Amino acid sequence: MTTTRRQFIQISGAGFGAAVAGSGLVTKWWGLDADVIHDPGTDGDTVVPTFCELCFWKCGVLAHVRNGRVTKIVGNPEHPLSKGRLCPRGTGGTGLLYDPDRLKTPLLRTTGKRGDQAFEEVSWEKALDFTAEKLLKIKKEYGPDKVALFSHGNGGSFFKHLLFAYGSGNVTAPSYGQCRGPREVGFQLTFGSPVGSPEVLDIGNSRCLTLMGSHLGENMHNTQVQDFARAIAKGATVIVVDPRFSTAAGKARYWLPIKPGTDLALLLAWMHVIVAEGLYDREYVEKYTTGFDELKKHVEGRTPEWAFTETGIDPETIVETARIIAGARPASLVHPGRHTTWYGDDTQRSRAVAILNALLGSWGRRGGFFVPASMPLPKYPVPDYPETPKTTQDHPDDVVYPFADEVLSHGICDATTPGRFAAKGGPVKGWIVYGTNLLQSLPQRPRVIESIQNLDLLVAIDVLPAEITGYADVVLPEATYLERWDDVGSTPWSEPFLSIRQPVVPPLYESKPGWWIAKELAKRMDLGRYFPWNDPEGMVRERVQKGGYDFALLKRTGVLKGKPVPVTTEDGLELSFKTPSKKIEIYSKQMADAGLPPLPDYTRHPQPADGQFRLLFGRTPTHTFGRTTNNRFLSEVYSENQVWLNAKIARERGLADGERVVLVNQDGVRSMSAGLKITQRIRPDCVFVVHGYGHTSPGLKFAVGRGLDDTTLVTKVAVDPVAGSTGMSVNFVTVERAVAPAPGA
Ligand SMILES: Nc1nc2c(c(=O)[nH]1)N[C@H]1C(S)=C(S)[C@@H](COP(=O)(O)OP(=O)(O)OC[C@H]3O[C@@H](n4cnc5c(=O)[nH]c(N)nc54)[C@H](O)[C@@H]3O)O[C@H]1N2
Ligand SMILES: Nc1nc2c(c(=O)[nH]1)N[C@H]1C(S)=C(S)[C@@H](COP(=O)(O)OP(=O)(O)OC[C@H]3O[C@@H](n4cnc5c(=O)[nH]c(N)nc54)[C@H](O)[C@@H]3O)O[C@H]1N2
Ligand code: SF4
Ligand SMILES: [Mo]
């Protein structure tokens, strides 16, 4: 039995129905009546617990199997991240498993130039021998640190292990420098801890939730969305700051349609009001923070009247919302966001968010940020790694951004291109790319391609013929998450738990699990001793049992829970901070010492000229970037992105809803075409598109040519001087009709 579209929507509805029925979120988002939920019969199904990989939230799922086929995927009620419910993407996992376009065999490039799309199907033996030989050659000729691993997703752990064993520490991912990087650096500097993933937010108990861009409801991180619905049902006040009337704005008491790029001005003005009116948590600030006096002085002139001129938000609203935010403390959460690489001053903006939360006393408090707990899990015994010249946190061989705590992907691109960055010992020569589609996720694509053309080896390990595989020398088809074991992990969360990834059905075609691929490569490079186990289940079992846990129960239920521990002061937690001063550092001496502004200040960013719009991008509930846009199942709900354009502007230009347009950026780069969505729900100075469309890989037979690719237009970035991340919301576009109407038409 395959699930029909109707059932799929009903299952999604079942997922969200219970929590959100009171809030009306289901009907609002899905056009559903929450009462008509129906769960198709499950008699005779085998049910296998594992966790989802349609995004990176790791929700526990129960996969139903009948006659050897996965028939449906539902939330595991025991799993703390799904609580029995999935987001629509998780429900649509079979659309990936049974995608007819999946990579089926290993491929070797046959022509001279990367990107030509000429491959031959080869055996695993041949593909692995080729890869190992090239990797050994690079190690011998240039040193192991001249290989980098780009990795996104749970299965990447085996390749990280392989890379460390090989002798390189260059592990990187666009989910840092193009996503969470500045937030993590800003919070680390302030509280001594990052926000992490899943974010340590107690949204469900918030009495006031402030969302600055965080578009929950379109951003479908499951637990957050469920908690958001719970908070609304309990009467929380929601304040949404977004140039676009997002789904979350539809649930908000205040929508502040801020001028893009000016959030820091609003944050400073909110702090001005809260400090000037004495609305902050005096006791908390005195006990736990340093640098309040400096902040007081710093925000003195940052009045609501001043902020109005920058943000376009009137001073009365700024004062009113500041009082509401402070009035709900400490259960007042100013959401730290996730995709925070916007304008290049992103660490400073994240610092401002962190400091505002410190004034509210929301760190370590119920309804604010919790301090997560996890279940200790012993490592599997393997030999020590050789020295892993991580090279560095940013560019190989040099430290440019001292607070970046991960290797930067665009830094590796630079270090791969001779002349762009003088990496000591010469440029990077080999890339192993696991589960990340660099052609869609890294900005400045021509530079990325230039780097790729300079490589001696590009290996892509993927499940689909994504754009990156077209540029590889060798393509290794991985089994999907429903067909494999991964290593076991302990996710830091408000309740300690362990969960496992185990196969639901055997791998299709000739695809192989990541653990096997990594182990086979290790064997061929004389690194077999790092993969001493033969079957991954045995390896996972040994780790779990050594930790003193019941493996059989974990396998049967998918999740084990530990004894609850206090995660907020209300539960009895004693707060402590891992900063140099052991306090929350409002004033950052670390930054001052590095020659960076110790308190976040506002810088004015260029705004689009008349006739131009700022290009903004985000998510849609049924897709994860471009990784699901070929999923025919999920595409029944949303099959192509649209360009959101303000209705007044459209009227002035004589543009009609649904009309096909192309976007042309400040550098003359043209996008593919997409339909217009004419709406009052966006400011007149920006356009918005959902990221993940405009695929060009011919192998993605469903997605190729559908919609418009925002990344093509991101030719300009603003590099954050603290985290080294790339702000990408700095590109301006004009809107042109895709095809001029015929004369007289
Ligand atoms: N222009 C622009 N750029 C962006 C963003 C944006 O909105 N606009 N968003 C940014 C953000 S927030 C992030 S986090 C990054 C994310 O960027 P990426 O890390 O590139 O993430 P995905 O798009 O999820 O990459 C998915 C790749 O993994 C493959 N894949 C899926 N499942 C598996 C699996 O089980 N095994 C293997 N081996 N491969 C698998 C898919 O086929 C696809 O090729 O992009 C950033 N870049
Ligand atoms: N369905 C779905 N959910 C996802 C993902 C997915 O691909 N699909 N990806 C996941 C990942 S990895 C990430 S990082 C998150 C990303 O999601 P979030 O972190 O929530 O959001 P962003 O992508 O940063 O921002 C998008 C929102 O910010 C608004 N915005 C743009 N510019 C500004 C500005 O200057 N100021 C303000 N205040 N708002 C602005 C946009 O209008 C939009 O509503 O989503 C996660 N959840
Ligand atoms: S949020 Fe959705 S896509 Fe992501 S892991 Fe959970 S169910 Fe899967
Ligand atoms: Mo992200």
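Just so you know, these numbers come straight off a predicted model, no measurement behind them.

Draft legend 1. Layout of the overall build of the chain. Secondary structure assignment for the chain yields 25 helices and 27 strands. Each of the three principal axes of the chain carries a C-alpha extent, and together these read 75 × 70 × 60 Å. Taking all 745 residues of the chain together, the buried fraction comes to 63%. Intrachain contacts of the chain at a sequence separation of at least 6 include 73% that bridge at least 24 residues. Carbon and sulfur atoms make up 51% of the accessible area of the chain, which amounts to about 26,600 Å² in all. One way to put it: in the chain the 85 positive side-chain charges average out to a point 2 Å from where the 81 negative ones average out.

Draft legend 2. Main features of the pattern of salt bridges. By the definition in use, this model includes 47 salt bridges. With its nearest N and O atoms 2.8 Å apart, the salt bridge here joins R114 to D473. Of this pair, R114 sits in the loop between β4 (107-109) and β5 (119-121) while D473 sits in the loop between α18 (467-470) and β15 (474-477); the two residues are 359 residues apart in sequence, bridging distant segments of the chain. Here the two residues R114 and D473 agree in accessibility, since each one is buried.

Draft legend 3. Representation of the packing of helix α12 (residues 304-311) against helix α13 (residues 315-327) in the model. Between α12 and α13, whose axes approach to 8 Å, the crossing angle comes to 115°. Crossing of α12 against α13: the hand is right-handed. For the pair α12 and α13, contact is made by P304, E305, A307, F308 and T311 and by P315, I318 and V319, respectively. Of the residues belonging to the contact of α12 with α13, the class tally is six nonpolar, one polar and one charged.

Draft legend 4. Region of the structure containing the site of ligand 2. D242, D263, H339, Y343 and H623 are the nearest of the 31 residues found near ligand 2. Between an oxygen atom of ligand 2 and a main-chain N or O atom of G213, the distance comes to 3.3 Å. Its free accessible area being 920 Å², ligand 2 has 98% of it covered by the protein chains. Each residue belonging to the shell around ligand 2 can be placed in one class, and the counts come to 14 nonpolar, ten polar and seven charged.

Draft legend 5. Representation of the site of ligand 3 in the model. Inspection of the region around ligand 3 gives C52, L54, C55, W57, K58, C59, L86, C87, R89, G90, M220 and N222 as its neighbouring residues. Here the residues of the shell around ligand 3 are counted per class, giving eight nonpolar, two polar and two charged.

Draft legend 6. Looking closely at the sheet that holds β5. Here we have seven strands laid out as an open sheet, ordered β5-β4-β15-β14-β13-β6-β7, and mixed in their pairing. At either end of the open sheet lies a strand with only one pairing partner, and these are β5 and β7 (171-172).

Draft legend 7. Structural detail: the domain arrangement of the chain. Looking at the assigned domains, one finds that the chain contains domain 1 (41-100 + 480-512 + 533-565), domain 2 (102-169 + 389-478 + 514-531), domain 3 (180-370 + 575-581) and domain 4 (613-737). Measuring from the centre of the C-alpha atoms in domain 3 to the corresponding centre in domain 4 gives 27 Å. Listed as interface residues are 27 residues of domain 3 and, on the opposing side, 26 residues of domain 4. Across the domain 3 to domain 4 interface the summed buried area is about 1,900 Å²; carbon plus sulfur atoms make up 60%.

Draft legend 8. Inspection of the packing of aromatic side chains at higher detail. Evaluation of the coordinates by the stated rule reveals 24 aromatic pairs. Ring centres of F191 and F577 lie 6.5 Å apart, and the angle between their planes is 40°; on these two criteria the pair is classed as tilted. Taken as a pair, F191 in helix α7 (residues 174-191) and F577 in the loop between β18 (559-561) and β19 (584-585) lie far apart in primary sequence, 386 residues in all. According to the relative accessible area criterion, F577 is buried, its value standing at 4%. The structure contains a cluster of three or more aromatic residues connected by ring pairs, namely F187, F191, Y284, Y288, W363, F369 and F577. The aromatic ring of W644 is capped on one face by R244, whose charged end is 4.7 Å from the ring centroid. It is R501 that lies over the ring of F51; its NZ or CZ is 4.1 Å from the centre.

Draft legend 9. Molecular detail of the side chain of T289. Tracing the sequence through the fold places T289 in strand β11 (residues 289-290). Taking relative accessible area as the criterion, T289 reaches 9% and is therefore assigned buried. Within the structure, T289 has its side chain in polar contact with the backbone oxygen of V285 (distance 2.6 Å). Discounting residues that sit within four places of it in the chain, T289 has contacts with Y284, K583, I584 and I586.

Draft legend 10. Region of the structure containing unusual backbone geometry. Here the residue pair S197 and P198 is connected by a cis peptide bond, since its omega of -5° sits within 30 degrees of zero. Its location among the elements puts P198 in the loop between α7 and β8 (208-212). With omega at 5°, the peptide bond leading from R329 into P330 counts as cis. Considering the arrangement of structural elements, one finds P330 in the loop between α13 and β12 (332-334). Of note, the phi angle at N67 is positive, near 50°, even though the residue is not glycine.

Draft legend 11. Expanded view of the nonpolar core. The biggest cluster of nonpolar side chains holds 99 residues, and the ones touching the most others in it are F228, L266, W270, M271 and L359. For this core, the element with the most residues is helix α9 (residues 263-276), which contributes eleven residues. By size, the runner-up hydrophobic cluster in this structure holds 49 residues, among which are W124, M375, L476 and A522.

Draft legend 12. Layout of α7. Taking 1.5 Å per residue as the helical rise, α7 with its 18 residues ought to reach 26 Å, and the 24 Å between its terminal C-alpha atoms agrees with that figure. At R180, α7 shows its strongest bend, of approximately 80°, with the proline P182 following within four residues. Extensive coverage of α7 is indicated by the burial of 17 of its 18 residues. Trailing α7 by a residue or two, G192 shows a phi angle of about 80°, which is positive.

Criteria and cut-off values
- Residues numbered from 1 in each chain as written.
- Chains lettered and ligands numbered in written order.
- Predicted model: local features only at pLDDT ≥ 70, side-chain atom pairs only at ≥ 80, totals over all residues.
- Heavy atoms only, no water.
- Helix = DSSP H or I, 4+ residues; strand = E, 2+ residues; numbered from the N terminus.
- Buried < 20%, exposed > 50% of the residue type's maximum accessible area, 1.4 Å probe, protein only.
- Contact = heavy atoms within 4.5 Å.
- Areas by Shrake-Rupley, 256 points an atom, 1.4 Å probe, with all protein chains shown as cover.
- Lys, Arg positive; Asp, Glu negative; His and termini not counted.
- Charge placed at Lys NZ, Arg CZ, Asp CG, Glu CD.
- Salt bridge = Lys/Arg side-chain N within 4 Å of Asp/Glu carboxyl O.
- Axes fitted to C-alpha atoms, helices over the stretch in contact; angles between N-to-C directions.
- Left-handed = near helix turned anticlockwise from the far one by under 90°.
- Nonpolar A, V, L, I, M, F, W, Y, C, P; charged D, E, K, R; others polar.
- Near = heavy atom within 4 Å.
- Polar contact = N/O pair within 3.5 Å; in protein donor to acceptor, adjacent residues only side chain to side chain.
- Pairing = 2+ DSSP bridges.
- Domains from an automatic or database assignment.
- Buried area = accessible area lost by both parts, 1.4 Å probe.
- Phe/Tyr/Trp six-rings, centres within 6.5 Å; stacked < 30°, edge-to-face > 60°.
- Lys NZ or Arg CZ within 6 Å of the ring centre and 35° of its normal.
- Core = buried A, V, L, I, M, F, W, Y, C linked by side-chain atoms within 4.5 Å.
- Expected span 1.5 Å × (residues − 1).
- Bend = angle between axes of the 7 residues up to and from the residue.

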